[in-house]
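Observations on chain architecture
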Amino acid sequence: MSYAAMMAAIGGWVLPGSLICVMLAMGLSLTADDFRRVARGRRALVIGLLSMMAVPPLIGLAMALTVAPSPALAVGFVLLATTPGGMLSNLFTDLARGDLALSMSLTLVMSLIYVLVVPFYAHTALVHFMGVEAEIRIPLGGFVWDIFSITLLPAAAGFALRAWRPGFARRLKGPIKLAATVTLFTAFGFILVDQVPVLRENLGTLFWITVSINAITLVAVLILSRLARFGRPQTVAVGVEHLMRQEGTAIFIAVTILANNEMALPMIMNTPVALVFVVLFVLAARRHAPVAAKPMSAAVRANP
């Protein structure tokens, strides 16, 4: 297989297939109780959703307009900034002893909203930064279907299977998620190698832009949480959700739908950078987590 054919296969089959499996695994984790959680804690949920729809996109757009090295990378930063929280956000929220129900609700609802709004973000970014509308007509209906087919449809199938055969779904989830994650990161590696010349030229700039996006986002979320008077568990959930993002879906849009590997570099760069921010945030949150009171020994109770 030639190099061009291999890259075409990665963009056309490997990347979409691995994302479908990831979303299927997410659906296998969901139950009807998870949807009922969306209706509880509505104040934190609504504020968190509004923040995710406004704060990261505005920060990403500001970076794209001011410091992005190329038009394609500017579109990439817009795609990165508009992605919803990723599945790992639920894991890290749990590790930080945050509000897991709120984290899962934010992930679920933002993923639903994302399918509807990201085509318009991407289309507007392409027109503004690359001026492609005159040469390329992007069918928004087809764009919506492409994203819908690799996000909501497999997640819904997983949810239905979990409701129908819960035992089988639980056994299936682990292997599917592991295989899909390994395949997804392997695809990331091939895309990265394909873009080594662009990466070598812009590595420092890409690194500092992604660091800045994560740092500014975290500060903005902490300020918002203080103003909204969130408790520590809600602050943790909202903070992790803003940092841990679904880069894979944005890479799928850049590589498969828009056929531009360069646009994927901000997402690939952000993956390790955001992970470092999340780990540090989780460690700090755990240090300030309340410690359960230990029961007094019998001797202490007998001799107060």
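Residues numbered from 1 in each chain as written. Predicted model: local features only at pLDDT ≥ 70, side-chain atom pairs only at ≥ 80, totals over all residues. Heavy atoms only, no water.

A count of helices and strands for the protein gives 14 helices and 0 strands. Reading the protein from its N end, one meets helices and strands in the order α-α-α-α-α-α-α-α-α-α-α-α-α-α. Split into buried and exposed, the 304 residues of the protein put 47% on the buried side. Pairs at least 24 residues apart make up 85% of the contacts formed inside the protein by residues separated by at least 6 positions. When the accessible surface of the protein is totalled, it reaches about 14,800 Å², and 70% of it is carbon and sulfur. (Helix = DSSP H or I, 4+ residues; strand = E, 2+ residues; numbered from the N terminus. Buried < 20%, exposed > 50% of the residue type's maximum accessible area, 1.4 Å probe, protein only. Contact = heavy atoms within 4.5 Å. Areas by Shrake-Rupley, 256 points an atom, 1.4 Å probe, with all protein chains shown as cover.)

What follows concerns helix H4 (residues 71-81). The buried fraction of H4 is high, at 10 of 11 residues. Inspection of H4 places Ala72, Leu73, Ala74, Val75, Gly76, Phe77, Val78, Leu79, Leu80 and Ala81 among the buried residues, and these make up the whole buried set.

With that out of the way, let us pick up the packing of H4 against helix H13 (residues 265-287). Where H4 meets H13, the axes come as close as 7 Å, and the angle between the chain directions of the two elements is 50 degrees. Judged by the inter-axis angle, H4 sits oblique to H13. Every residue of H13 that contacts H4 at Leu73, Gly76, Phe77, Leu79 and Leu80 is listed here: Leu265, Pro266, Met267 and Asn270. Classifying every residue of the contact of H4 with H13 gives 7 nonpolar, 2 polar and no charged. (Axes fitted to C-alpha atoms, helices over the stretch in contact; angles between N-to-C directions. Parallel < 35°, antiparallel > 145°, perpendicular 65-115°, else oblique. Nonpolar A, V, L, I, M, F, W, Y, C, P; charged D, E, K, R; others polar.)

A word on the packing of aromatic side chains. Overall, the coordinates contain 1 aromatic pair when judged by the stated rule. Ring plane angle 75 degrees and centroid distance 5.1 Å describe the contact between Phe207 and Trp208, whose orientation is recorded as edge-to-face. Judged by relative accessible area, which is 36%, Phe207 ranks as partly exposed. Judged by relative accessible area, which is 56%, Trp208 ranks as exposed. Geometry around Trp164 places Arg165 over its ring, the cationic atom sitting 4.5 Å from the centre. (Phe/Tyr/Trp six-rings, centres within 6.5 Å; stacked < 30°, edge-to-face > 60°. Lys NZ or Arg CZ within 6 Å of the ring centre and 35° of its normal.)

Here we come to the nonpolar core. In terms of nonpolar packing, the biggest core is built from 37 residues, with Val75, Phe77, Leu79, Phe129, Ile253, Met263 and Met267 touching the most fellow members. Of all the elements in the fold, those that place two or more residues in this core are helix H3 (42-66), H4, helix H6 (100-130), helix H10 (196-228), helix H12 (247-257) and H13. Top element by residues in this core is H4. It accounts for 8 residues. In terms of nonpolar packing, the next biggest core, distinct from the first, is built from 14 residues, Val236, Phe277, Val278 and Val282 among them. (Core = buried A, V, L, I, M, F, W, Y, C linked by side-chain atoms within 4.5 Å.)

Attention shifts here to the packing of H3 against H6. In contact at an axis separation of 10 Å, H3 and H6 are set at 30 degrees when each is read in the N-to-C sense. If you check the angle between H3 and H6, you find them roughly parallel. The element H3 and its partner H6 pack so that their crossing is right-handed. On H6, the residues that touch Ala44, Leu45, Gly48, Leu49, Met52, Met53, Pro57, Leu61, Ala64 and Leu65 of H3 are Leu102, Ser105, Leu106, Val109, Met110, Ile113, Tyr121, His128 and Phe129. Looking at side-chain class alone, the contact of H3 with H6 contains 16 nonpolar, 3 polar and no charged residues. (Left-handed = near helix turned anticlockwise from the far one by under 90°.)

Relative to the helices and strands, Thr83 is located in the loop between H4 and helix H5 (88-95). Not counting residues up to four positions away in its chain, the partners in contact with Thr83 are Tyr114, Arg245, Gln246 and Ala250.

Over its 23 residues, H13 runs 34 Å from end to end, which matches the ideal 33 Å to within 8%, given 1.5 Å per residue. Along its length, H13 shows its largest kink, about 35 degrees, at Thr271, and proline Pro272 lies within four residues downstream of that point. (Expected span 1.5 Å × (residues − 1). Bend = angle between axes of the 7 residues up to and from the residue.)

That is the geometry; function is a separate question.
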